[in-house]
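These are the residues of each chain, in order.
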Amino acid sequence: MKEEEKQGGDISEKVEKLLNEKPKKKKGKKKWIFLGLLLLFVLFILKNLLFPGKATGMLVNTESLSKADIQEKLSVSGPVSGTQSQHVTSALHAKVKEILVKEGDKVTEGQLIAKLDTKDVEEALEAAKTQVDLAKANKEDATKNAKAEYAKVQTAYNNALLDFQRKSSLLESGDISQSEYEQAESALKDAKASLGSFKVSGGNVQVSESYDLQIKSAEEGLKKAQSAVDSAEIKAPISGTITRVNVQVGQFADNLLDGKPMFTVENLDQLELSISVSEYSIGKLSLGQKAIISADILGEDKLEGEVSSISPTGEAKGGNTAERVIPIKIKIDGDKKGLLSGITAKADIVLSEAKNVFVVPLSAVTTGEDGNSQIYFVEDGKIHIVPVKTGVESDVSVEVSPLKEDAAFKEGDHFVSAPDASLTEGLAVSEMPKDSVRESVSASESGVVVKSN
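Model, not experiment: these values are computed from the prediction.

Let us look at the overall build of the protein chain. In terms of regular secondary structure, the protein chain is built from 6 helices and 21 strands. Out of the 453 residues in the protein chain, the part that is buried amounts to 34%. Long-range contacts, defined as pairs at least 24 residues apart, comprise 75% of the intrachain contacts of the protein chain with a sequence gap of at least 6. When the accessible area of the protein chain is evaluated, it comes to approximately 27,800 Å², of which 49% is carbon and sulfur surface.

Structure (structure tokens):
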């Protein structure tokens, strides 16, 4: 016993010397954290030396069982955009004459935002009008000529009919020969055939359908020319904010650099995140799930949102992988607090949650031989294994509850924070509570335990 007391005295002297030693200024905060942990360890060894009957067995780190709120989250990221977005382009080969908006301007649907040079298209419009007039005039002339020709043929037919009737009578009386009769009959047939070559509808002589086709073609050309003139006035397709202006005065509207649109208009009153979720995680998502939005531009602030759209089909992820991804959208609620379209933001989607439940680190839960999850508690210096049921799981913690009532499973009881295979039921152990280590580190960092002179 005297030898133990001597050893305890030596250690006490070392501890006292360690506490009274003035720290060097350049070592920094990490040294004092280390010293605090070292002090805790030395005191623990000292306790075992002075009171050997009080602590036996292998050393284990423990924590106190407590209740907390826990959430299972899926962290994803993607670009922020407006719920409506339209690119404004032009197929008209005309120079930009005037730009009436700038980035950041709010516009309404149909508002004029740019004008193109209309000289060429107006000339084309006049030419198209001329073509329509010419096609109609050609039909009128053809119709007039057809009517005149039809009248001549009608007269010839009437004359041939009268001649045939007269010679039929003369043939019966024997005043003409059979050949004269047949000539009259042939002339009537020819006159009738000529008359039948005309198309008459409602008493009006109709000309060839080709004239109508020419008119239709000319009118379609006129519509295109008119559309070209109208498209020389560039208008906003939706109400929103001008987020991009990629055109300058003097450029051809249909030939912009890098094929960019002239303008981009977005509805920024409602923002959303466009995200591609792995096929392996999509089954956990459903419409209406809440999400917490964060971004560098927001600093420490967070925004709320919810899953508003899940695509019914997947698409290739790209790269050297066969994995598929499913596009989803997350609607961002409330005040956007300076969030901008086009930046990347992160969303933590809450898949499940539980409040005021027992929560332990994932490392504390192991799988027993029967396949059940289990936690190692320390009761009266010995290991007691309690089978548990797990619930909501976060990245570092998990909800637990006992499979059946157990006296060891209650708030404040100590469990091993990271058990290994060497621990068995009833094994004697000595505790170094992790809660105490945390308090020591926290105190060291705040300068409570170790102070610099």
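Okay, the side chain of threonine 143 next. Here threonine 143 is to be found in helix 3 (residues 119-173). A polar contact is formed between the side chain of threonine 143 and the backbone oxygen of lysine 139, at a distance of 2.7 Å. Other than its neighbours up to four places away in sequence, threonine 143 contacts Val205 and Val207.

The strand order across the open sheet built from 3 strands is 3-5-8, with neighbouring strands paired in antiparallel fashion. Each edge of the open sheet carries a strand with a single partner, namely strand 3 (96-99) and strand 8 (233-235). With strand direction ignored, the average angle separating the axes of adjacent strands in the sheet is 25°.

Among the nonpolar cores identified, the biggest contains 26 residues, and Leu92, Val107, Ile113, Leu116, Ile234, Met262 and Phe263 are the most heavily contacted of them. Looking at this core, the elements with two or more residues in it are strand 5 (112-116), helix 3, helix 5 (209-230) and strand 10 (263-278). Apart from residues no more than four positions distant in its own chain, leucine 92 is found in contact with Leu116, Val121, Ala228, Ser231, Ala232, Ala253 and Asp254. Ranked by size, the runner-up nonpolar core spans 24 residues in total, among them Leu271, Ile275, Ala291 and Leu298.

Interpreting fine coordinate detail is not advised for predicted regions of low pLDDT. In this model, the protein chain carries a mean pLDDT of 83, and residues with pLDDT of at least 70 account for 83%. When pLDDT is averaged over each helix and strand of the protein chain, the minimum, 44, is found for helix 6 (residues 434-446) and the maximum, 96, for strand 19 (residues 397-402). Contacts for the low-pLDDT stretch residues 22-27, under 50 throughout, to residues beyond four places or in other chains number 7 contacts.

On to the packing of aromatic side chains, then. On inspection of all chains with the given rule, the structure shows 5 aromatic pairs. With a centroid separation of 6.4 Å and an interplanar angle of 70°, the aromatic rings of phenylalanine 377 and phenylalanine 415 are classed as edge-to-face. Taken together, the residues phenylalanine 377 in strand 17 (residues 373-379) and phenylalanine 415 in strand 20 (residues 414-416) connect sequence positions 38 residues apart. Side by side, phenylalanine 377 and phenylalanine 415 carry an identical accessibility label, which is buried. These aromatic residues form a ring-pair network of at least three members: Phe358, Phe377, Phe409 and Phe415. One Lys or Arg, lysine 67, reaches over the ring of phenylalanine 358 and ends 5.0 Å from the middle of that ring.

Judged from the 13 bridges that link them, strand 2 (residues 66-88) and strand 15 (residues 344-361) form a sheet pairing that is antiparallel. For alanine 68, the partnering residue across the bridge sits in strand 15 and is valine 357. Where strand 2 lies against strand 10, 8 bridges are found, and the strand directions are antiparallel. The residue of strand 10 that forms the bridge with valine 88 is phenylalanine 263.

One can find serine 341 in the loop between strand 14 (324-332) and strand 15. Assessed through its relative accessible area of 24%, serine 341 is described here as partly exposed. It is 8.4 Å that separates the C-alpha atoms of serine 341 and threonine 243, two residues lying 98 residues apart in sequence. Residues contacting serine 341, with those up to four places away along its chain left out, are Val80, Ser81, Gly82, Glu266 and Leu268. Looking at serine 341, its side chain comes within polar contact range of the main-chain oxygen of valine 80, at 3.5 Å. Looking at serine 341, its side chain comes within polar contact range of the side chain of glutamate 266, at 3.0 Å.

Bringing unusual backbone geometry into the picture now. The backbone of asparagine 356 sits at a positive phi, close to 50°, despite the residue not being glycine. Looking at where asparagine 356 falls in the secondary structure, it is placed in strand 15. Although it is not a glycine, aspartate 380 sits at a positive phi angle of roughly 50°. Within the element layout of this structure, aspartate 380 appears in the loop between strand 17 and strand 18 (382-393).

Further remarks concern the pattern of salt bridges. As a working rule, side chains carrying opposite charge can pair if their charged atoms are close by. Scanning all chains against the criterion turns up 10 salt bridges. A salt bridge links glutamate 306 to lysine 290, with the shortest nitrogen-to-oxygen separation between them at 3.3 Å. You can see glutamate 306 sitting in strand 12 (residues 303-310) and its partner lysine 290 sitting in strand 11 (residues 290-294), a full 16 residues away along the chain. For glutamate 323, the salt bridge is made with lysine 317, and the minimal N-O distance between the two is 3.3 Å. By relative accessible area, glutamate 323 is classed as buried at 13%. Residue class for lysine 317 comes out partly exposed when judged on its relative accessible area of 48%. Here the residues in one salt-bridge network are Asp163, Arg166 and Lys167, joined through shared partners.

So, how was this worked out
- Residues numbered from 1 in each chain as written.
- Predicted model: local features only at pLDDT ≥ 70, side-chain atom pairs only at ≥ 80, totals over all residues.
- Heavy atoms only, no water.
- Helix = DSSP H or I, 4+ residues; strand = E, 2+ residues; numbered from the N terminus.
- Buried < 20%, exposed > 50% of the residue type's maximum accessible area, 1.4 Å probe, protein only.
- Contact = heavy atoms within 4.5 Å.
- Areas by Shrake-Rupley, 256 points an atom, 1.4 Å probe, with all protein chains shown as cover.
- Polar contact = N/O pair within 3.5 Å; in protein donor to acceptor, adjacent residues only side chain to side chain.
- Pairing = 2+ DSSP bridges.
- Axes fitted to C-alpha atoms, helices over the stretch in contact; angles between N-to-C directions.
- Core = buried A, V, L, I, M, F, W, Y, C linked by side-chain atoms within 4.5 Å.
- pLDDT = per-residue confidence, 0-100.
- Phe/Tyr/Trp six-rings, centres within 6.5 Å; stacked < 30°, edge-to-face > 60°.
- Lys NZ or Arg CZ within 6 Å of the ring centre and 35° of its normal.
- Salt bridge = Lys/Arg side-chain N within 4 Å of Asp/Glu carboxyl O.

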